[in-house]
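Commentary on secondary and tertiary structure
Here's the letter readout for the chains.
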Amino acid sequence: MPKKKSDSDSGSNLPAKSHFVRCRYCGQKNAVKADYVNNTANCGRCKMPLSNEPHKKFADLSKHDYIHPLDSKALAALRAIPGIDSALKKLLSVTVETALRVMFNASSVKVTSKQCPDIHAKLQIACTTLGVEMPDMFIMQNPVVNAFTYGVDKPYIVLHSALLERLSEDETLAVIAHEVGHIHSEHVLYLTAARIIELLANASVGALVPGSEIIKFIVSAGIGSALLAWARRAELSCDRAALLVTQDPHAIGRTMMKLAGGTFASKIDYDLFLEQGREFQKNYDEKFLDKFWANLINAGQTHPLPVWRVAEILTWVESGQYADLMKKD
Ligand SMILES: [Zn+2]
Ligand SMILES: [Zn+2]
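Residues numbered from 1 in each chain as written. Chains lettered and ligands numbered in written order. Predicted model: local features only at pLDDT ≥ 70, side-chain atom pairs only at ≥ 80, totals over all residues. Heavy atoms only, no water.

Moving on, we come to the packing of helix 4 (residues 117-130) against helix 9 (residues 223-246). Two numbers describe how helix 4 lies on helix 9: the axes approach to 9 Å, and their chain directions differ by 100°. The orientation of helix 4 relative to helix 9 falls into the category roughly perpendicular. Here Ile125, Ala126, Thr129 and Leu130 of helix 4 come into contact with helix 9, specifically with Ala241, Leu244 and Val245. Along the lines of polarity and charge, the residues of the contact of helix 4 with helix 9 split into 6 nonpolar, 1 polar and no charged. (Axes fitted to C-alpha atoms, helices over the stretch in contact; angles between N-to-C directions. Helix = DSSP H or I, 4+ residues; strand = E, 2+ residues; numbered from the N terminus. Parallel < 35°, antiparallel > 145°, perpendicular 65-115°, else oblique. Contact = heavy atoms within 4.5 Å. Nonpolar A, V, L, I, M, F, W, Y, C, P; charged D, E, K, R; others polar.)

We now examine the coordination of the zinc ion (ligand 1). Around the zinc ion (ligand 1), the protein contributes the donor atoms Cys23 (SG), Cys26 (SG), Cys43 (SG) and Cys46 (SG), at 2.2 to 2.4 Å from the metal centre. The site at the zinc ion (ligand 1) holds 4 donor atoms, and with the angles between them running 103 to 119°, its shape is tetrahedral. (Donors = N, O, S within 2.8 Å, 3.2 Å for Na, K, Ca; no water. Tetrahedral: all angles 85-135°; square planar, octahedral: opposite > 155°, others 65-115°.)

So, on to the coordination of the zinc ion (ligand 2). For the zinc ion (ligand 2), every protein donor is listed as His178 (NE2), His182 (NE2) and Glu235 (OE), and the spread of their distances is 2.1 to 2.2 Å. Counting gaps between the donor residues of the zinc ion (ligand 2) yields the pattern H-x3-H-x52-E. Here His178 pairs with His182, and both are found in helix 6 (residues 169-184), just 4 residues apart, close to one helical turn. Each member of the pair, His178 as well as His182, is classed as buried. (Buried < 20%, exposed > 50% of the residue type's maximum accessible area, 1.4 Å probe, protein only.)

For the rest of this paragraph, the subject is the sheet that holds strand 6 (residues 156-160). Either a parallel or an antiparallel arrangement is found when strands of a sheet pair, and the pairing is made through backbone hydrogen bonds. Across the sheet, which stays open at both edges, the 4 strands sit in the order 3-4-6-5 with mixed pairing between neighbours. Lying at the two open borders of the sheet, with one neighbouring strand each, are strand 3 (109-110) and strand 5 (147-150). Where strand 3 lies against strand 4 (residues 136-140), 2 bridges are found, and the strand directions are antiparallel. Within strand 4, the residue paired with Val109 across the bridge is Ile139. (Pairing = 2+ DSSP bridges.)

Structure follows, in structure tokens:
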């Protein structure tokens, strides 16, 4: 059940004459106009729409409560490759893990409770809802709507500036929650290795990086392709984590619509987009997706198939698993 900060001014117990609403996401007490009704004002701290509906914070959520079976299956296949963990740790120690952190610290804006406080509050909401320790978060100037989570011992999240310019408040929370989901699902080590392998492959600088022998081994052992195939499936688990935070399937659906339709998203019919997702799922099986993914990986895409992802999240909601989790203590 959602925690109540006090007995008189929280949630649905709002007295008729009170002009305050406590934000269901971050707990901030907000002054509202007398004619206030749900979703007509935004929280002054996290900027999320104010509502007297409850917001669930999970006391003891396990990744096994929501992980997508394709993620578990691909991860088991990945872990079965002999020598994978030691090869990846070696790769990360000799390549760019530290360099990436230095780069983000030097060339991006670090989000704190004073710097972009509404974005920081959204990170806090995602972390307290799923039960994850707060990671560092950076905003980087980049025209592509995207976000990443990196790190080995200490994860950190990077949001592209385009994402914040184009997404609404609840869609931004959905993306941040998806990234926090990668931390909660213990994806970060493999995910960082996947990104580095992609980076080295795309930039054709693999041979210049110290430890290129390790990279050759990783490629020859099939670790690279298994890792990239898993990384796409891992996205499905984190879309579920994002839903557990936003607690609104359509916030995930609209985010996917913007990932698919870009800046023209405001002109796209959301119901037709959902229909397109259902149609996609009906027509294509896993084998087709493998081929499709391989093509996308070659094309350097990082988060493919938003249409398929929205279909997957709708299927999960319809399966009743999401509703069961929301009822869990
Ligand atoms: Zn708030
Ligand atoms: Zn992701």
